[in-house]
Amino acid sequence: MSVEQAVIVRYAPSPTGRLHLGNARPALLNWLFALRHGGTYVLRLDDTDHARSTEAFAQGIIEDLAWLGITPARIERQSARKAIHDAARDRLIASGRLYRCYETEDELDRRRARARTMGRPPIYDRAGLRLTDADHERYAAEGRKPHWRFRLDGRPVAFTDLIKGPQTVNTASMSDPVLVREDGSYLYTLPSVVDDIEMGITHVIRGEDHVSNTGTQIEIFEALGGPVPLFAHHNLLTGADGEGLSKRLGSLSLADLRTEGYEPLAVALVAVLTGTSLPVAPQPSLAALAEIFDLAMVSHGPARFDPAELDSLNARLLHETGFDALRDRLAAHGVANEPMWLALRGNVARLGDVAELARLVTGPVTPVIADEDRAFMAAAREALPEEPWDDGVWDRWIAAVKSATGRKGRGLFMPLRLALTGRDDGPELRSLLPLLGRRACLDRLS
Ligand code: GLU
């Protein structure tokens, strides 16, 4: 790529389901690349499969991307671009690269089986290329409609992948792909290339399941006279068992992760950083990550998603997040001021946890006081400093209780914790105390 050429990338999901964590990976890799290079990010909805694409899924995808922090500069729908695809199809027909075929699935299955028994690769035999005008007329008279195949060059197509390095796809070992169905609708391959050319896409960043398509697509780019973009094929996120994350099963859908209370940045960082040379660790923002992230950091090995990494990253991010960034969401969970959040955040794994912790401050709390601690509690009440309280109140109080009772360590702190919060774990008492205030403390210590 020349320095002056502006980067244009596209994320091209089919709106046949909601996005899951695995789909977030190419969505974000494109986004980070666009941010890093000051490029343009196009969301291209590959909705040529009319039977399975829905507008509701399209809206869901836009919503899922927005939640992750991705705001496309443009949103395009392939279904609205059929005239452009048709014109490209006609050019390929005119140049003899698209040809008509009539085989049914059954016929193709039988031929493939026969080729295998004869020890030949099960590649389409190009029977369609040998049909005469009379043959086509006869099929037409029978009411049979053709599907259209792209005549491959049958040569090694080489490209330098920005992640995987030099790649060669030998199209001689592939069947000529069907680009147009009998009903005139398109499979994914052609409209994708046509739109990449027409939208000036400079970099195609997508999953490595598309590497062999790239051989075919580069031939189509060349046949249409379009510039061939640069390609980057990333490893796919898998579960711990190495199995793919399926879109249709709805497993780990972004919508579910959102409902479960995960932070979008935690989800985004896990989706990107898993299977790279960077650690799955907090980053202040996607923009900050974009400054240090390079496609070459995506590893060639597998990208195994570990749910425990998401949980711990989510918690670590929250422990570092200030009040202002979460103000509205915290208010919904009963936390309306900064000191309260700062006192509680270290004990929050997901933001929703804060609601229960907030009740430790606002109450009601049922103090737990053992019979043998009654005298100790009286001494603790006695030692409680008068208000106004400042940050030093905890140290002054504890020093006083210590010298009055001779207690130390767990024997000193645990009864106070149980009395003040009703629990044997939770946020530091040092930060809770000023939030409670003297009146509430006296009540709970009684
Ligand atoms: N719609 C295709 C997919 O979801 C797009 C692949 C590509 O990025 O070219 O797999």
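Structure first, text after, so check above.
Residues numbered from 1 in each chain as written. Predicted model: local features only at pLDDT ≥ 70, side-chain atom pairs only at ≥ 80, totals over all residues. Heavy atoms only, no water.

General note: in soluble globular proteins, nonpolar side chains tend to be found buried as a group. Of all hydrophobic cores here, the largest spans 51 residues; its most connected members are Leu21, Leu28, Leu68 and Val267. When contributions to this core are tallied by element, the ones reaching two or more residues are strand E1 (8–11), helix H1 (21–37), strand E2 (40–45), helix H2 (55–68), helix H8 (254–259), helix H9 (264–273), helix H10 (286–292) and helix H11 (307–320). Discounting chain neighbours no more than four positions away, the residues touching Leu68 are Ala24, Leu28, Leu254, Pro264, Val267, Ala268 and Leu286. The next biggest cluster of nonpolar side chains, apart from the first, holds 38 residues, and it includes Leu326, Val348, Leu429 and Cys441. (Core = buried A, V, L, I, M, F, W, Y, C linked by side-chain atoms within 4.5 Å. Buried < 20%, exposed > 50% of the residue type's maximum accessible area, 1.4 Å probe, protein only. Helix = DSSP H or I, 4+ residues; strand = E, 2+ residues; numbered from the N terminus. Contact = heavy atoms within 4.5 Å.)

Attention now goes to the site of the ligand. Within the structure, the ligand sits among Arg10, Ala12, Ser14, Asp46, Tyr188, Ser192, Arg206 and His210. The separation between an oxygen atom of the ligand and a polar side-chain atom of Arg10 is 2.7 Å. Interatomic distance of 2.6 Å between a side-chain N/O atom of Tyr188 and an oxygen atom of the ligand. In isolation the ligand has 300 Å² of accessible area, and contact with the protein removes 79% of it. In the shell around the ligand, the residues fall into two nonpolar, three polar and three charged. (Near = heavy atom within 4 Å. Polar contact = N/O pair within 3.5 Å; in protein donor to acceptor, adjacent residues only side chain to side chain. Areas by Shrake-Rupley, 256 points an atom, 1.4 Å probe, with all protein chains shown as cover. Nonpolar A, V, L, I, M, F, W, Y, C, P; charged D, E, K, R; others polar.)

Quick look at H1 now. For H1, built from 17 residues, the straight-helix expectation of 24 Å at 1.5 Å per residue is met to within 8% by its first-to-last C-alpha distance of 24 Å. Within H1, 14 of the 17 residues are buried, which leaves the element mostly enclosed by the surrounding structure. Trailing H1 by a residue or two, Gly38 shows a phi angle of about 60 degrees, which is positive. (Expected span 1.5 Å × (residues − 1).)

Closest axis-to-axis distance for the helix H16 (residues 393–405)/helix H18 (residues 429–444) pair is 9 Å, and the angle between their directions is 105 degrees. Considering the angle they form, H16 stands roughly perpendicular to H18. Along its contact with H16, which presents Val393, Trp394, Asp395 and Trp397, the element H18 presents Leu429, Arg430, Leu433 and Pro434. Taken together, the residues of the contact of H16 with H18 break down into six nonpolar, no polar and two charged. (Axes fitted to C-alpha atoms, helices over the stretch in contact; angles between N-to-C directions. Parallel < 35°, antiparallel > 145°, perpendicular 65-115°, else oblique.)

Next up on the list: the layout of surface pockets. Taken as a whole, the second largest pocket holds about 470 Å³ of empty space. Lining the second largest pocket are 23 residues, with Leu108, Arg112, Ile123, Tyr124 and Arg149 sitting closest to its centre. At the level of elements, helix H4 (105–117) and strand E5 (147–150) are the ones that each hand at least two residues to the lining of the second largest pocket. For the lining of the second largest pocket, the element with the highest residue contribution is H4, accounting for six residues. (1 Å grid on protein atoms, 1.4 Å probe; cavity = no way out; pocket = protein on both sides within 12 Å on 5 of 7 lines; lining within 4 Å. Points joined across faces, edges and corners; volume = space filled by probe spheres on them.)

So, about the packing of aromatic side chains. As enumerated under the stated definition, the model contains six aromatic pairs in all. A centroid spacing of 6.4 Å and a plane angle of 75 degrees characterise the contact between Phe221 and Phe231, whose relative ring orientation is edge-to-face. Separated by ten residues along the polypeptide, Phe221 in helix H7 (residues 211–223) and Phe231 in strand E10 (residues 230–234) bring together distant segments of the chain. Ring plane angle 25 degrees and centroid distance 6.0 Å describe the contact between Trp394 and Phe413, whose orientation is recorded as stacked. Placement of Trp394 in helix H16 and of Phe413 in helix H17 (residues 409–421) is noted, with a sequence separation of 19 residues between them. According to the relative accessible area criterion, Trp394 is buried, its value standing at 7%. Here the aromatic residues Phe159, Phe221 and Phe231 are joined through ring pairs into a cluster of three or more. Here Arg138 stacks its cationic end above the ring of Tyr139, 5.4 Å away from the centre of that ring. Just above the ring of Phe376 sits the side chain of Arg407; from NZ or CZ to the centre is 4.1 Å. (Phe/Tyr/Trp six-rings, centres within 6.5 Å; stacked < 30°, edge-to-face > 60°. Lys NZ or Arg CZ within 6 Å of the ring centre and 35° of its normal.)

As a further point, take the environment of Ile197. Along the chain, the position of Ile197 falls in helix H6 (residues 189–198). In this structure Ile197 comes out as partly exposed when scored by relative accessible area, which is 24%. Counting along the chain gives 145 residues from Ile197 to Leu342, while the straight-line C-alpha distance between them is 51 Å. Excluding its chain neighbours within four sequence positions, the residues that come into contact with Ile197 are Phe221, Leu224, Gly226 and Pro227.

What follows covers the side chain of Arg10. Within the secondary structure, Arg10 sits in strand E1. Reaching out from Arg10, the side chain makes a polar contact with the side chain of Asp196 at a distance of 2.8 Å. Arg10 has contacts with Asn30, Val42, Arg44, Ser192, Asp196, Ile201, His203, Val204 and Arg206, leaving out every residue within four places of it along the chain.

Tallied over the full model, the rule gives 38 salt bridges. Between Asp311 and Arg350 there is a salt bridge, with the nearest N and O atoms lying 3.7 Å from each other. On the criterion of sequence distance, the pair formed by Asp311 in helix H11 and Arg350 in the loop between helix H13 (338–344) and helix H14 (354–362) is long-range, its members being 39 residues apart. What makes Arg350 partly exposed here is its relative accessible area of 27%. A salt bridge links Glu356 to Arg423, with the shortest nitrogen-to-oxygen separation between them at 3.4 Å. Of the two residues, Glu356 sits in helix H14 while Arg423 sits in the loop between H17 and H18, which places them 67 residues apart along the sequence. Residue classification places Glu356 among the partly exposed positions, given a relative accessible area of 49%. With relative accessibility at 23%, the residue Arg423 sits in the partly exposed group. Connected through shared salt-bridge partners, Arg74, Glu76, Arg81, Asp195 and Glu198 make up one network. (Salt bridge = Lys/Arg side-chain N within 4 Å of Asp/Glu carboxyl O.)

Locating Arg97 in the fold gives a position in the loop between helix H3 (82–94) and strand E4 (98–101). Looking at Arg97, the relative accessible area reads 12%, which means it is buried. Among residues more than four places away in sequence, those in contact with Arg97 are Leu92, Arg149, Phe150, Arg151, Leu152, Asp153, Glu219 and Ala223.

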